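Listed below are the residues making up each chain.
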Amino acid sequence: MTSAQELLRSQRELLLNWTCDHPAPLLRWLYDDEVLSPSSYLSLLEKPPPDAVAQALETACASEESSQRFLQVLKEVQDYYCKDLHIWVDRHCRSFANKQPPSEVVEDEDKHKKPRGPIAKLFKRKNKGFSITLEVRGKKDLKPTRSQRVANLKAQISIHKTTFLKRMEELKCYSEGSGEVSNSTSHIEIRYTDLFVTEDNDFTDSSQHEYFDLASRRARIYVHQSCQRIRPSQLLSPQETTGQPPKRVKVKGIAGIGKSVAVQRLVYEWAIGKSMREFTCIFDLSFRELNLIEAPISLLELLGEKFRHLKDALPDLFTAPGSLLFILDGLDEFRFSLDWKSRDKNIGIKSKLPVSELVVALIKGNLLPEASIILTTRPSTEAPKRFFQRCCVVLGFEENQVKEYTTKFYKDRKVAEKVYDYISNNDSIFVLSFIPLYCYIICTAMLEFFLGSQDVGDFKSLELNPPRTVSEVYFCYLFTTVKHHALRASAERSTSRSEVLSQAKQQLTNLGKLAYENLLQRKIMFSRKDLENYGVTPVNIQSTFLCQILHPLKEEAVEMFSFFHLTVQEHLAALYCALNLFSQEDITQALNLWCFGLHPPSVSSTLLKNIELNMDMLDSLQMFTRFFMGLLRTRLAKQLDGLVNPSKEEENGIPTGLGLWFQDQFKHKEMKNETALNLLHCLMEFHTNETTTIAAPEIKKLNLFKMKLNIVDCAAMHYVLKFSPHTLQELNLGYSNIGNRGLNRLRPILHRCESLYLRYNCLDWQAALLESAVLKSNECQVKKLFMCGNNLGPEGVNELWTALENNTTVEELYLDITGITEKGTENIVNCLSKNTSLKILTIVGNDIGEVGRKRLKELEKLRPDLRIIANFVDDLGLLQAYLGWVEEIRADRDQMDSVKNVDALQSVLRGLQNSGGEMEKGENADKAMELQIKIEELLKSHLIGGS
């Protein structure tokens, strides 16, 4: 008998000829079957298809075992290739079957009364409400046999999968132009990095800029690990509660977070036969495409036009809608309004409807209720949770995935390591990097600084240090794209920065004006006419640096454009303003408008004239405002030479004038938390000592209560407050989830805070060590310290007791629910009996045991002036405060995720139960019982989500 090796070698040319057009299925199955190693597989993906298949075949022929595996894989993937290969496989591979039975072969109808496989199931029965089209029924005498229909359908589905593979092999996540700048291949198997996805409670703060809302959500979820993490491939996996896969899934996330790429990967995995094999067919529809449909249309017509190779198969496919999956991508880009409250009506696949009604009917299940739906959208777009069995939020990358992405982006591993080290050691850039698109921008911007000494000319032309702030990262990205375009044209490698920028001056000016004027109108999609009105020529996009900025969306005869990320539009808008606002008056009037919605009574700058700005837009302009401040600093540092009009005379004293403006805001305005934080970021982006020195002393109190803060927010607070010589009366960071890393960033200013609120901040014993050092400092001015709800543990609180032994400033210390045990009271008597300043100590909600309670009584005798509250019943005000807290949780589900309040509630409940025997009748006892009942109800209720 001919061996598998001999067979493959003798038939090599035929096999190459049949498979080289699209080798992806063959290569992937060979890799999964361990015929190809991981390194070999990735290497082959970068080769031309004929070379890749030839090398894979050569690898397989290395042994008889791998040759047999190759033949087995051929049987699995034969449907992707021509009929000649099918015949060859059927003729030659039967004798080498050693793993699974061959793929289903079409046989006579009477041989198998029970159909098998997802396609065969289509013909098992006709679903109620769906039938073959009238045209088919009208030709009964010509009706093909079941076996013929199965064969035809298999062929059409194979074409459908192959079409997907050809379209999706290249990762279309960003507008990367020719790829020369990215220095990396974009094959989906190489560049795709898995995402951090979690079940979602559908809480949305639509007033915030979506980036800041996402950062808040990550601060809540990431630290506590309180979410159910799922891989994108598990979106349709069975639910824990029902054991059944969901039919309707909503996936939300901000622009650039990877939603479209995640579903692109899902479709690719299905098309290659590696996931979701329970679905006979997947239909992917983007709302960008659906925007083009003006007239009423039926689902049958819509799919027939979109997937013309499936047109004849659709009637048969619809007989089993349970085997169909619809992916609806980008609801936020849909230009038609959706009526979610419309009356349900019976809708069939041939019912003609406006496309908006068709979408609603599909999502609500009025149309094809048995089909599965995955919808992607940005958080700001309404898609009611009640229509979905699973709601997920994409949170971008985790830290190890940032490293993985960086490694994949650069071919040079040493460069990748240097860039990742720089990212991870820079707070501002590190926080940006968890968003995949930001990661791409950062990696592109960093190319100029880490490629090595061989490109000295590049460094000379850049004349900048590696970026530290958000605006610097974006400017470096912009400059990199412009410079690479310039160098491909007439510039030399030693061309100065100003000369490079001057070559793109007119285009950047036009682009910036387009970005700014449309940002204020919340317009993100542009027609060819829109671009031409601003002097941007669409035909030049692919041949210039614009391919890195603008993303063409070509659908049929209609062509639309968008900036490939919202923040790129915001950055270019800010650049336009930084290049055109020169007088001190214009700059401060602009800030009044963008930060507070105050329209200037008279303006000299055209940028501020005839602007209609709604107050509800202000929060969405925060990133733009920070970009503006960063770019204004860049301009004042003469780093925008080549773009700035030389005829413009800048007024002297802009840093001083801005310092006085910021001083005035902090002195006279009662600001929302978000606005105050944004001003701190603006000062950090401007990064000018003269300005910050004037503004900072006016900050007497800073209340960021329940603002979910990240490490960059802490960096902004530290940067500004270090310029103030005064004591800060109050720093309230309660429920902010800053964690140990955030607290450490604030360490240099903590000793100057009279009232320091750090409740529920994901702090542990290391934070207690840090705070102990603050209390031991000779410069300590802390009088009130709130540490409730942090897991300090016995080791942490013992450090605090030690620090208080000689501290003379702290008067009130709140340590409720901090994990204090009996061990945590070992040195409390020795240390606090020597303290002279402490007047109030609360440690309720801690399991200190009988020994701990005895120690507290001993301490009370030694320190009669120290009020110790160890039981809830001891203080009516405390009971009332906890009752209010429970009511907050009932009204605000977000708190459950933000501070892991289930554990906290259980601690309070245990404390109430432990003190139950000490309760005497009276108002305190009544309030304690009320609190206990409400907590028990809350823990049992659906608000906890079954935790």
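Basis of the calculations
- Residues numbered from 1 in each chain as written.
- Predicted model: local features only at pLDDT ≥ 70, side-chain atom pairs only at ≥ 80, totals over all residues.
- Heavy atoms only, no water.
- Helix = DSSP H or I, 4+ residues; strand = E, 2+ residues; numbered from the N terminus.
- Areas by Shrake-Rupley, 256 points an atom, 1.4 Å probe, with all protein chains shown as cover.
- Pairing = 2+ DSSP bridges.
- Axes fitted to C-alpha atoms, helices over the stretch in contact; angles between N-to-C directions.
- Salt bridge = Lys/Arg side-chain N within 4 Å of Asp/Glu carboxyl O.
- Buried < 20%, exposed > 50% of the residue type's maximum accessible area, 1.4 Å probe, protein only.
- pLDDT = per-residue confidence, 0-100.
- Contact = heavy atoms within 4.5 Å.
- Parallel < 35°, antiparallel > 145°, perpendicular 65-115°, else oblique.
- Left-handed = near helix turned anticlockwise from the far one by under 90°.
- Nonpolar A, V, L, I, M, F, W, Y, C, P; charged D, E, K, R; others polar.
- Core = buried A, V, L, I, M, F, W, Y, C linked by side-chain atoms within 4.5 Å.
- Phe/Tyr/Trp six-rings, centres within 6.5 Å; stacked < 30°, edge-to-face > 60°.
- Expected span 1.5 Å × (residues − 1).

**Overview of the overall build of the protein**
Looking only at helices and strands, the protein has 42 helices and 17 strands in total. Counting only carbon and sulfur atoms, one obtains 47% of the accessible surface of the protein, whose full area is about 40300 Å².

**Points about the sheet that holds strand β17 (residues 867-869)**
Across the sheet, which stays open at both edges, the seven strands sit in the order β11-β12-β13-β14-β15-β16-β17 with parallel pairing between neighbours. Every other strand in the sheet has two partners, leaving β11 (701-703) and β17 as the edge strands with one partner each. The sheet shows a mean angle of 10 degrees between the axes of neighbouring strands, direction not considered. Bridging between strand β14 (residues 784-786) and strand β15 (residues 812-814) involves three bridges; their strand directions are parallel. Considered in β15, the bridge of Phe786 is made with Tyr814.

**Some words on the pattern of salt bridges**
The final tally for this structure, using the stated rule, is 24 salt bridges. Of the charged contacts in the structure, one is a salt bridge between Asp32 and Arg28, with a shortest N-O distance of 3.1 Å. Here Asp32 and its partner Arg28 are both found in helix α3 (residues 24-32), four residues apart, which amounts to about one turn of the helix. When the shortest N-O distance is used, the salt bridge between Asp865 and Arg863 registers 3.0 Å. We classify Arg863 as buried; its relative accessible area is 5%.

**As for the confidence of the model for the protein**
Taken over all residues, the pLDDT of the protein has a mean of 81, while the share at 70 or more is 81%. Contacts for the low-pLDDT stretch residues 173-185, under 50 throughout, to residues beyond four places or in other chains number 38 contacts. Considering only residues more than four positions removed or in separate chains, one finds that residues 203-207, a stretch of pLDDT under 50, has ten contacts.

**With respect to the environment of Arg759**
If you trace the backbone, Arg759 turns up in the loop between β13 (753-757) and α35 (765-776). Overall, the relative accessible area of 23% leaves Arg759 in the partly exposed class. Remark: the alpha-carbon pair of Arg759 and Leu785, spanning 26 residues in sequence, is separated by 9.2 Å. Discounting chain neighbours no more than four positions away, the residues touching Arg759 are Phe705, Leu733, Gly734, Tyr735, Phe786, Cys788 and Asn790.

**A closer look at the packing of helix α30 (residues 654-668) against helix α31 (residues 673-686)**
Viewed as axis vectors pointing N to C, α30 and α31 meet at an angle of 165 degrees, and their least axial separation amounts to 11 Å. Comparing their axes, α31 and α30 come out roughly antiparallel. Relative to α31, the crossing made by α30 is left-handed. Residue-level inspection shows Pro655, Leu658, Trp661, Phe662, Gln665 and Phe666 of α30 in contact with α31, the latter providing Leu679, Leu680, Cys682, Leu683 and Phe686. Grouping the constituent residues of the contact of α30 with α31 by class yields ten nonpolar, one polar and no charged.

**Some points on the nonpolar core**
The biggest cluster of nonpolar side chains holds 275 residues, and the ones touching the most others in it are Leu299, Phe326, Tyr516, Phe628, Trp801 and Leu815. Broken down by element, this core gets its largest block of residues, twelve residues, from helix α21 (residues 436-450). Among residues more than four places away in sequence, those in contact with Trp801 are Leu813, Leu815, Gly824, Thr825, Asn827, Ile828, Cys831, Leu832, Leu841 and Ile843. Of all hydrophobic cores here, the second largest spans 24 residues; its members include Leu905, Val908, Leu912 and Leu931.

**Observations regarding the packing of aromatic side chains**
One pass over the structure, following the stated rule, counts 28 aromatic pairs. Geometrically, the ring pair formed by Phe334 and Phe336 is edge-to-face, given 5.4 Å between the ring centres and 75 degrees between the ring planes. Residue Phe336 is classed as partly exposed on the basis of its relative accessible area, which comes to 23%. Seen from their ring centres, Tyr438 and Tyr474 are 6.1 Å apart, and the 80 degrees between their planes marks the pair as edge-to-face. A residue pair is termed long-range when its members are at least 10 positions apart, and Tyr438 in helix α21 and Tyr474 in helix α23 (residues 470-488) qualify at 36 residues. Residues Tyr438 and Tyr474 agree in their burial class; the two are buried. An aromatic cluster is built from Phe397, Tyr405, Phe409, Tyr410, Tyr440 and Tyr477, whose rings are joined through pairwise contacts.

**Section: helix α25 (residues 505-519)**
Over its 15 residues, α25 extends 21 Å from the first C-alpha to the last, a length consistent with the 21 Å expected when each residue adds 1.5 Å. Within α25, burial applies to Leu508, Asn510, Leu511, Gly512, Leu514, Ala515, Tyr516, Asn518 and Leu519.

**Regarding the side chain of Gln156**
Tracing the sequence through the fold places Gln156 in helix α10 (residues 146-168). Residue Gln156 is classed as buried on the basis of its relative accessible area, which comes to 16%. Every residue in contact with Gln156, bar those within four places of it in the chain, is listed here: His309, Leu310, Asp312 and Ala313.

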